[in-house]
Amino acid sequence: MAAFLNPTRPLRRARSCPALTLFFAAFLLLLWLPGCSASPFAGPPDAGQENSTDRPVPESGDEEQGVAGKTGEEGCRQEQEEAPVCPEEERAALEEKRREERGDLYVPLPAGPKRENPPVKARGIYMTGHTVGLESRYRSLLEMIKSTELNSVVIDVKNDHGNVTYQSDICFVEDIDSHNRAPIRDMRAVLEELEEKDIYPIARVVVFRDPYLANKRPEWAIQKKEGGVWADRKGMSWLDPYQKKVWDYSIAVAQEAALLGFREIQFDYVRFPENAERVEQEARFPARSELLKEEVIREFLIYAGEKLEDYNVYLSADVFGVIATSWGDSDDIGQTWEEIAPYVDYMCPMVYPSHYGSGYFDYSVPDAHPAGTVRYALRDSIKRNAPLGNPGIIRPWLQGFTAGWIRGNIQYGPAEIRAQIDAAFELGIDEFLIWNARNRYYPDAFLTEEKARERFESYERSRKEAGLDALGNTPTDAVEHFLEAAANGDWREVFSLHRTERPVDFRTYREWFFDWRYLPKEHRVRELQLEGGAPPSRTETLQLNVDLRLTGDEREFRLSQQEFEVKLENQIWRVTPSALFYSLVAGPANPEGEGGRGLSHRP
């Protein structure tokens, strides 16, 4: 576990956090003691700084009176060629600088060696702080996790009401008392036990819906046009996403959660309020800039990733499931798949069947079709990830509750929950999270770890033996679908299947596609011939021969024996047409030339 140091306010403040003045005084006293090892900041320096192992080796004859044998000022301040600065002093100076810069939102960097944090295929459930604080209920859920395929838990750290669920040492949290009545008495002890039980802990941090902070700092909130703090239809106030200090608050909580032992930070409500048309009529954003809402959310995630980099945690984002099916920020809430997926480690679309309106996926009541709705929603998610160079891994939120408010709804029990999990497994997605706001779960919905692994591997094996990708396509199918979509003007399908040398912005691609001069009207894809009936390689680029007819501008071209390349990328077979095809349909302005605009990626 990473060691945690209580932060202090900058010394220029007249008042300091309780008990922290004494801590800093002790730190100053330690600097006067012999040597540097007694510093409370002992441990390796910040990334990019000189490490103690990089000190010069003492020359022959100086071993006993080398750097390690010197004391006090003589040991910490050597000649330039021996050791520029004592690492502990360097660390202390760095922390003091960060404390001055961040003030009440200061959180120290991790101390000690960098902890291990290997990736985990998370299969988990959601828990509120109150559930964790209730011993008997919490214990029963831990037992369920250990006896099933589950291995993870998402715990509220900053919840939907803006309350911090544990006793925080962040001065700003103490100032506004957002951890009052914190239901989790000792978060560190909770995380130590989860580590002992090999349960992966994820910290849920609700970002922009925060009625508590909106009440304490109304100038940070979305405002009514006629004055006062705006609230949504549920009476919940929201923070202004354009304000940087709003970002810094949630990020500080996330940093502290990482220090306590959480291995992943999951940002929820990382968006603007829904019903955007109504919001725009009623409300104003005090710090509004020229950035689009989706750009604000993207920039927040980039910034958060930078600020959390030293804390060695994964970053995930909860998003509406519907953004995988709609294109662009159609609901004007700041969530566009392509503006989020490249900047997080995990994309967590909330594909609850109850959250899709009548008509989605040709269902009059999607909630009554748990497996089908999840299957269609996740197929769309896979397609949206396909053209991106380094997208977050898809880990969906699945429905663990009954949506009694929906006309035509069905009861959700073990069978309905299992059906959703299996729908994800069939698509090659072996991670999931189950949401139930009351934290009431059905153990019978889950398999044992061994049986779940066997079930998933059987789906994987079947796909590989048949040469299928996650969407159920063979390489031949992929080329067929690419050409059919192009003929029908379905640029979205073409975009997901089109393999280029680099990722392309979907807006630019759409414009480029509709400038195509010729479209394929007839085609024949020759079946891929492999020796011995072996499945196609999932690592090599395959070549398929295609005959096709292109028409447009009252002209047509017949092409034969065109080599279309196919390769598995981001779970699906993707297609690179022949050079002649490119030159005829689009000329020089194609997405691999001047007509494309590349996406930036998370580091």
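Each remark here, short or long, concerns the structure printed above.
Residues numbered from 1 in each chain as written. Predicted model: local features only at pLDDT ≥ 70, side-chain atom pairs only at ≥ 80, totals over all residues. Heavy atoms only, no water.

Draft legend 1. Focus on the overall build of the protein chain. A count of helices and strands for the protein chain gives 19 helices and 15 strands. Split into buried and exposed, the 603 residues of the protein chain put 54% on the buried side. If you take every contact in the protein chain between residues at least 6 apart in sequence, the share linking residues at least 24 apart comes to 74%. If you sum the accessible surface of the protein chain, you get close to 27,200 Å²; carbon and sulfur atoms cover 47% of it. (Helix = DSSP H or I, 4+ residues; strand = E, 2+ residues; numbered from the N terminus. Buried < 20%, exposed > 50% of the residue type's maximum accessible area, 1.4 Å probe, protein only. Contact = heavy atoms within 4.5 Å. Areas by Shrake-Rupley, 256 points an atom, 1.4 Å probe, with all protein chains shown as cover.)

Draft legend 2. Fine view of the sheet that holds strand S14 (residues 555–569). As summarised here, the arrangement of the four strands in space is S12-S13-S14-S15, forming an open sheet in which the pairing is antiparallel. Sheet topology places strand S12 (519–525) and strand S15 (572–576) at the edges, where each strand pairs with a single neighbour. Recorded for the sheet is a direction-independent mean angle of 35° between the axes of neighbouring strands. Bridge count for S12 against strand S13 (residues 542–552) is six bridges, and the pairing is antiparallel. If you follow glutamate 522 over to S13, its bridge partner there is arginine 549. Contacts from helix H16 (residues 475–487) reach S12, S13, S14 and S15 within the one sheet, and its direction differs from that of S12 by about 160°. (Pairing = 2+ DSSP bridges. Axes fitted to C-alpha atoms, helices over the stretch in contact; angles between N-to-C directions.)

Draft legend 3. Focus on the environment of threonine 336. Inspection of the secondary structure assignment puts threonine 336 in the loop between strand S7 (314–320) and helix H12 (337–340). Along the primary structure threonine 336 and alanine 324 are separated by twelve residues, whereas in three dimensions their C-alpha atoms are 8.2 Å apart. The residues contacting threonine 336, other than those within four sequence positions of it, are Glu294, Ile323, Gly328, Asp329, Phe506 and Arg507.

Draft legend 4. Seen up close, the packing of aromatic side chains. One pass over the structure, following the stated rule, counts 34 aromatic pairs. Taking the centre distance of 5.2 Å and the plane angle of 70° together, the rings of phenylalanine 172 and tyrosine 249 count as edge-to-face. Here tyrosine 249 lies in helix H9 (residues 244–260) and phenylalanine 172 lies in helix H6 (residues 171–176), a separation of 77 residues in the sequence. Exposure class is identical for phenylalanine 172 and tyrosine 249. Each is buried. When the ring of phenylalanine 482 is compared with that of phenylalanine 581, the centres are 6.5 Å apart and the planes differ by 55°; the resulting orientation is tilted. Taken together, the positions of phenylalanine 482 in helix H16 and phenylalanine 581 in helix H19 (residues 579–585) put the pair 99 residues apart, joining distant regions of the chain. In this structure, phenylalanine 482 and phenylalanine 581 share a single accessibility class: buried. Connected via pairs of aromatic rings, a cluster forms that spans Trp327, Phe482, Trp491, Phe495, Phe506, Tyr509, Trp512, Phe513, Phe514, Trp516, Phe564 and Phe581. Positioned above the aromatic ring of tyrosine 106, the side-chain terminus of arginine 99 is 4.8 Å from the ring centre. Just above the ring of tyrosine 346 sits the side chain of arginine 395; from NZ or CZ to the centre is 4.0 Å. (Phe/Tyr/Trp six-rings, centres within 6.5 Å; stacked < 30°, edge-to-face > 60°. Lys NZ or Arg CZ within 6 Å of the ring centre and 35° of its normal.)

Draft legend 5. Representation of the packing of helix H13 (residues 370–385) against helix H14 (residues 414–426) within the structure. For the pair H13 and H14, interaxial distance at closest approach is 8 Å and the crossing angle is 30°. Taken together, H13 and H14 sit at an angle that is classed as roughly parallel. The element H13 and its partner H14 pack so that their crossing is right-handed. Seen from H13, the contacting residues are Pro370, Ala371, Val374, Arg375 and Leu378; seen from H14, they are Glu416, Ala419, Gln420, Ala423, Ala424 and Glu426. Taken together, the residues of the contact of H13 with H14 break down into seven nonpolar, one polar and three charged. (Parallel < 35°, antiparallel > 145°, perpendicular 65-115°, else oblique. Left-handed = near helix turned anticlockwise from the far one by under 90°. Nonpolar A, V, L, I, M, F, W, Y, C, P; charged D, E, K, R; others polar.)

Draft legend 6. Geometry of the packing of H14 against helix H15 (residues 449–466). Contact geometry of H14 with H15 gives a least axis separation of 9 Å together with a crossing angle of 40°. The orientation of H14 relative to H15 falls into the category oblique. Crossing of H14 against H15: the hand is right-handed. Facing Arg418, Asp422, Phe425 and Glu426 of H14, the residues of H15 in contact are Ala452, Arg455, Phe456, Tyr459 and Arg463. Here the residues of the contact of H14 with H15 are counted per class, giving four nonpolar, no polar and five charged.

Draft legend 7. Representation of a negative patch on the surface in the model. Taken together, the side chains of Asp198, Glu449, Glu450, Glu454 and Glu457 make up a negatively charged region of the molecular surface. With respect to the secondary-structure elements, glutamate 454 resides in helix H15. (Patch = residues over 30% accessible without salt bridge, like charges linked within 9 Å, V, L, I, M, F, W, Y side chains within 5 Å. Salt bridge = Lys/Arg side-chain N within 4 Å of Asp/Glu carboxyl O. Lys, Arg positive; Asp, Glu negative; His and termini not counted. Charge placed at Lys NZ, Arg CZ, Asp CG, Glu CD.)

Draft legend 8. Examining the side chain of arginine 463 more closely. One can find arginine 463 in helix H15. If near-sequence neighbours (up to four positions away) are discounted, arginine 463 is found in contact with Phe425, Glu426, Leu427, Gly428, Leu468, Asp469, Ala470 and Arg538.

Draft legend 9. Highlighting the pattern of salt bridges. Under the definition given, this model contains 39 salt bridges. Across the pair glutamate 135 and arginine 139 runs a salt bridge, and its minimum N-O distance is 2.8 Å. A residue pair is termed a helical-turn pair when its members lie 3 or 4 positions apart in one helix, as glutamate 135 and arginine 139 do in helix H5 (residues 135–146) at four residues. With a shortest N-O distance of 2.7 Å, glutamate 569 and arginine 499 are connected by a salt bridge. Placement of glutamate 569 in strand S14 and of arginine 499 in the loop between helix H17 (491–497) and helix H18 (506–513) is noted, with a sequence separation of 70 residues between them.

Draft legend 10. Structural context of helix H7 (residues 187–196). The complete set of buried residues in H7 reads Met187, Val190, Leu191, Glu193 and Leu194. Taken down its axis, H7 places every buried residue within 160° of arc, on the same side. On its buried side, H7 packs onto helix H4 (129–133), H5, strand S2 (152–158), strand S3 (200–206) and H9. You can read the cap of H7 off the contacts: a side-chain oxygen lies 3.3 Å from the backbone nitrogen of arginine 188, and it is on aspartate 186. At the C-terminal side of H7, aspartate 198 shows a positive phi close to 60°. (Arc of directions from axis to C-beta. Polar contact = N/O pair within 3.5 Å; in protein donor to acceptor, adjacent residues only side chain to side chain.)

Draft legend 11. Examining the nonpolar core more closely. Counting residues in hydrophobic clusters, the biggest one holds 165 residues, and the most contacted among them are Phe267 and Phe300. Top contributing element to this core by residue count: H9, with eleven residues. Among residues more than four places away in sequence, those in contact with phenylalanine 267 are Val205, Val207, Ser250, Ala254, Phe300, Leu301, Ala304, Leu308, Leu315, Ser316, Ala317 and Asp318. (Core = buried A, V, L, I, M, F, W, Y, C linked by side-chain atoms within 4.5 Å.)

Draft legend 12. Inspection of helix H3 (residues 87–102) at higher detail. The terminal C-alpha atoms of H3 lie 22 Å apart, and with 16 residues this matches the ideal 22 Å at 1.5 Å per residue to within 8%. When H3 is considered as a whole, its buried residues turn out to be Pro87, Glu88, Arg91, Ala92, Leu94, Glu95, Arg98 and Arg99. Angularly, the buried residues of H3 cover 160° about the axis, an arc narrow enough to put them on a single face. Within H3, the exposed residues directed more than 90 degrees away from the buried face are Lys97 and Glu101. Glycine 103 lies just past H3 and shows a positive phi near 55°. (Expected span 1.5 Å × (residues − 1).)

Draft legend 13. Quick look at unusual backbone geometry. Even without being a glycine, asparagine 275 presents a positive backbone phi close to 55°. Its place among the elements puts asparagine 275 in the loop between strand S5 (264–268) and helix H10 (276–282). Overall, asparagine 275 belongs to the partly exposed group, its relative accessible area being 41%. The phi dihedral of glutamine 561 is positive, around 55°, even though this residue is not glycine. Structurally, glutamine 561 is set in strand S14.

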